[in-house]
Amino acid sequence: SIKEDKEEVKEDKEVKEVKETEEVTYEEAKFYEGFLSKKSKNLISTWQKRYFHILEGKVMIYSAQKDNSEIKGQFNLEQISFPESVDERIFKFRLEEREFILKAKTEKEKDKWIKVITLLKEKLLELRREQEDKIERFDSFSRKRDSTKISKSTNNERQSSSFSNLSKTGQKKNKLTNAGKVTES
């Protein structure tokens, strides 16, 4: 029937929309932006419409307007907690002692923000681990190199000392043999 076909098409669209929010690329996430409502931290909590913009996958700024002319705040994504869903349109995360509570227009939009922030935080953690591994490998290499230098210099000192002793012994032998010779003048 036509009614059943329309319902199937509607269900297919809904499934497609959910699938579309499942995948977020790193390139897309690095500069993700959009309006969210932020719960104020005042005693009388109100929702303030703010434009959130991620810069290079590292920093999130928010302002009263889309043009970022009046920036209200910014923070490093490494410093915030992973976002958590509160209800169908609201999510939250912590920055030190402060809790940010944000509301999207739709559940799909909220899910996308959570995925974007989570992806960027995971990427930043991965990059930090890679840097720490590089530093550890460099430190390990430096320690090995330094211990090799120390053992080489110790060996060189031993060899130098041995040559010096041989040289002194040779000089003594020469003096003794020369002492027994008669020199003519």
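The structure displayed is predicted, hence computed values, not measured ones.

Participant: Help me understand the sheet that holds strand β1 (residues 33–39) in this model?
Facilitator: Neighbouring strands of a sheet are bound in pairs by backbone hydrogen bonds; such pairs are parallel or else antiparallel. Spatially, the seven strands line up as an open sheet ordered β4-β3-β2-β1-β7-β6-β5, and their pairing is antiparallel. Here the strands that pair on one side only, and so sit at the sheet edges, are β4 (71–76) and β5 (84–85). Across seven bridges, β1 lies against strand β2 (residues 47–55) in antiparallel orientation. Each bridged residue has a counterpart across the sheet, and for K38 the counterpart in β2 is Q48.

Participant: Just checking my understanding: could you explain the packing of aromatic side chains for this structure?
Facilitator: Aromatic ring pairs are reported here in terms of the distance separating the ring centres and the angle at which the planes meet. With the rule as written, the count across this model stands at nine aromatic pairs. With a centroid separation of 5.1 Å and an interplanar angle of 25°, the aromatic rings of F52 and Y62 are classed as stacked. Placement of the pair is F52 in strand β2 and Y62 in strand β3 (residues 59–63), with a sequence separation of ten residues. Like F52, the residue Y62 is buried in the burial classification. Centre to centre, the rings of F75 and F100 are 5.2 Å apart; their planes meet at 50°, and the pair counts as tilted. Here the residue F75 occupies a position in strand β4, and F100 occupies one in strand β7 (residues 98–103), the gap between them amounting to 25 residues. For the pair shown, F75 and F100 are each scored as buried. One Lys or Arg, R98, reaches over the ring of F100 and ends 4.2 Å from the middle of that ring. Here the basic side chain of K123 rests over the ring of Y26, its NZ or CZ set 5.1 Å away from the ring centre.

Participant: Quick question: what am I supposed to make of the nonpolar core here?
Facilitator: Burial of nonpolar side chains together is a common tendency in soluble globular proteins. With 23 residues, the main nonpolar core has I54, M60, F75, L77, F91, F93 and W113 as its most contacted residues. Secondary structure elements with two or more residues in this core: β2, β3, β6 (90–95), β7 and α3 (107–179). Here this core takes six residues from α3, the largest share from any one element. Sequence-distant contacts of M60, that is, excluding residues within four places in its chain, are made with F52, H53, I54, G73, Q74, F75, L77, W113 and I117.

Participant: What is the right way to read a negative patch on the surface from this model?
Facilitator: On the surface, E126, E130, E132 and D133 cluster together to form a negatively charged patch. Note that D133 resides in helix α3.

Participant: Would you mind going over the pattern of salt bridges with me for this structure?
Facilitator: Opposite charge on two side chains permits pairing when their charged atoms draw close. For the structure on display, the rule yields seven salt bridges. Of the charged contacts in the structure, one is a salt bridge between K112 and E28, with a shortest N-O distance of 2.7 Å. Of this pair, K112 sits in helix α3 while E28 sits in helix α2 (residues 26–29), and the two are 84 residues apart along the sequence. Taking the shortest distance from any N to any O, the salt bridge between E99 and K92 comes out at 3.5 Å. Overall, the relative accessible area of 34% leaves E99 in the partly exposed class. Judged by relative accessible area, K92 falls into the partly exposed class, the value being 26%. Salt bridges sharing common partners tie together K92, R94 and E99.

Conventions used here
Residues numbered from 1 in each chain as written. Predicted model: local features only at pLDDT ≥ 70, side-chain atom pairs only at ≥ 80, totals over all residues. Heavy atoms only, no water. Pairing = 2+ DSSP bridges. Helix = DSSP H or I, 4+ residues; strand = E, 2+ residues; numbered from the N terminus. Phe/Tyr/Trp six-rings, centres within 6.5 Å; stacked < 30°, edge-to-face > 60°. Buried < 20%, exposed > 50% of the residue type's maximum accessible area, 1.4 Å probe, protein only. Lys NZ or Arg CZ within 6 Å of the ring centre and 35° of its normal. Core = buried A, V, L, I, M, F, W, Y, C linked by side-chain atoms within 4.5 Å. Contact = heavy atoms within 4.5 Å. Patch = residues over 30% accessible without salt bridge, like charges linked within 9 Å, V, L, I, M, F, W, Y side chains within 5 Å. Areas by Shrake-Rupley, 256 points an atom, 1.4 Å probe, with all protein chains shown as cover. Salt bridge = Lys/Arg side-chain N within 4 Å of Asp/Glu carboxyl O. Lys, Arg positive; Asp, Glu negative; His and termini not counted. Charge placed at Lys NZ, Arg CZ, Asp CG, Glu CD.

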